[in-house]
Amino acid sequence: MDIKPRVLAIIPAYNEEECIVETVQELLSVSPDTDYVVINDGSRDSTAALCREHGFNMVDLPVNSGLTVGFQTGMKYALRNGYDYAIQFDADGQHRPEYIKSLLEKAVDVDADIVIGSRFVTEKKSHSARMIGSRLITSIIRLTTGKTINDPTSGMRMFNHRMIREFATDDSLNPEPESVSLLIRRGARVEEVQVEMRERQGGESYLNLSRSISYMVRACTSILFVQWFR
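Residues numbered from 1 in each chain as written. Predicted model: local features only at pLDDT ≥ 70, side-chain atom pairs only at ≥ 80, totals over all residues. Heavy atoms only, no water.

> Lay out the sheet that holds strand S3 (residues 58-61) in plain terms, naming residues and giving numbers.
Overall, mixed pairing links the seven strands, which are arranged S3-S2-S1-S4-S6-S5-S7 in an open sheet. Lying at the two open borders of the sheet, with one neighbouring strand each, are S3 and strand S7 (190-194). The sheet shows a mean angle of 20° between the axes of neighbouring strands, direction not considered. Against the sheet, helix H3 (residues 67-80) engages strand S1 (7-13), strand S2 (35-41), S3, strand S4 (85-88) and strand S6 (157-160), with an angle of about 155° to S1. (Pairing = 2+ DSSP bridges. Helix = DSSP H or I, 4+ residues; strand = E, 2+ residues; numbered from the N terminus. Axes fitted to C-alpha atoms, helices over the stretch in contact; angles between N-to-C directions. Contact = heavy atoms within 4.5 Å.)

> An account of the packing of aromatic side chains is needed here, citing residue identities and associated values.
Scanning all chains against the criterion turns up four aromatic pairs. Taken together, a centroid distance of 6.3 Å and an interplanar angle of 85° make the contact between Tyr36 and Phe56 edge-to-face. Here Tyr36, found in strand S2, pairs with Phe56, found in the loop between helix H2 (47-53) and S3; they are 20 residues apart in sequence, far enough to count as distant. Ring centres of Phe159 and Phe167 lie 5.1 Å apart, and the angle between their planes is 65°; on these two criteria the pair is classed as edge-to-face. (Phe/Tyr/Trp six-rings, centres within 6.5 Å; stacked < 30°, edge-to-face > 60°.)

> Any details on the layout of surface pockets? Residues and values, ideally.
Here the second largest pocket is characterised by a volume of approximately 400 Å³. Together, 18 residues line the second largest pocket, and Lys4, Asp33, Thr34, Lys101 and Leu104 are the ones closest to its centre. Looking at the lining of the second largest pocket, the element that brings in the most residues is helix H4 (residues 100-110), giving six residues. The residue makeup of the lining of the second largest pocket, split by class, is eight nonpolar, two polar and eight charged. (1 Å grid on protein atoms, 1.4 Å probe; cavity = no way out; pocket = protein on both sides within 12 Å on 5 of 7 lines; lining within 4 Å. Points joined across faces, edges and corners; volume = space filled by probe spheres on them. Nonpolar A, V, L, I, M, F, W, Y, C, P; charged D, E, K, R; others polar.)

> I'd like a description of the environment of Thr47, backed by residues and values.
Structurally, Thr47 can be placed in helix H2. Here the alpha-carbon distance between Thr47 and Asn15, two residues 32 residues apart in the chain, equals 6.0 Å. Thr47 has contacts with Ala13, Asn15, Glu16, Glu17, Ile20 and Asn40, leaving out every residue within four places of it along the chain. Here Asp45 takes part through its side chain, which lies 2.8 Å from a polar atom of the side chain of Thr47. (Polar contact = N/O pair within 3.5 Å; in protein donor to acceptor, adjacent residues only side chain to side chain.)

> Can you break down the environment of Thr73 residue by residue, with the values?
Mapped onto the fold, Thr73 is located in helix H3. Along the sequence, Thr73 and Pro12 sit 61 residues apart, while their C-alpha atoms lie 9.2 Å from each other.

> Could you give an account of the pattern of salt bridges, with specific residues and numbers?
A complete count under the given rule lists 11 salt bridges for this structure. For the salt bridge of Arg96 with Glu98, the shortest nitrogen-to-oxygen distance reads 2.8 Å. For Glu98, a relative accessible area of 33% gives the class partly exposed. Among the ionic pairs, Arg186 bridges to Glu166, the shortest N-O distance being 3.7 Å. Residue Arg186 is located in the loop between helix H7 (177-185) and S7, and its partner Glu166 is located in helix H6 (residues 161-169); the two are separated by 20 residues in the primary sequence. Exposure remark for Glu166: the relative accessible area of 23% places this residue in the partly exposed category. Residues joined in a network through salt bridges with shared partners are Arg96, Glu98 and Glu196. (Salt bridge = Lys/Arg side-chain N within 4 Å of Asp/Glu carboxyl O. Buried < 20%, exposed > 50% of the residue type's maximum accessible area, 1.4 Å probe, protein only.)

> Can you explain the environment of Met156? Please cite residues and give values.
Mapped onto the fold, Met156 is located in the loop between helix H5 (129-145) and S6. For the pair Met156 and Arg96, spaced 60 residues apart in the sequence, the C-alpha separation amounts to 9.3 Å. Every residue in contact with Met156, bar those within four places of it in the chain, is listed here: Ile87, Gln88, Phe89, His95, Arg96, Tyr99, Ile100, Leu103, Val115, Ile116, Gly117 and Met197.

So, in structure tokens, the structure goes:
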């Protein structure tokens, strides 16, 4: 009898009271074989209270520490509890749980270390300012690693047990394109699966125009220069 891999959805949440209940309930309904943990990142709204009220599995960080710490906390949880795969899953409703199965199948079939839920495997990018930044990151990753990542800024990524251990034990890694690029250079196999994503279902995104530009500049600088000294 084949043993199904154990999969954990890591859901970092900061001030997501408008979305968190629907996000977790949809995950439970659509992908019931996927375990989850909400990482409440010191939210100042009712996120933690709602998770407690609904009996959600939650790690409650006392202060806001940022996405990297929240994600690393989830990876430490996954490692400690022996999960085979972990998937980064947004709390704001953009990620659709029906694609978890496709990402897992890809990871198992080709023994991938990371599988990215990509909007642009079969679909073309628009010519918006944000997509110009995405194209630039794609080009820089290809230049420095030889690997084409069509959707480097996608936050829907599945990691195998080896990558869980890497993120749980190396505090320099973050859930961003520069870490994906670095891991490719270290020998990680990264694949993509076509997915569709929704708009944020409530609340406000952290990334406004100025922060988006700063994000792109930081990612490109890190991929081109900083990583060579790590």
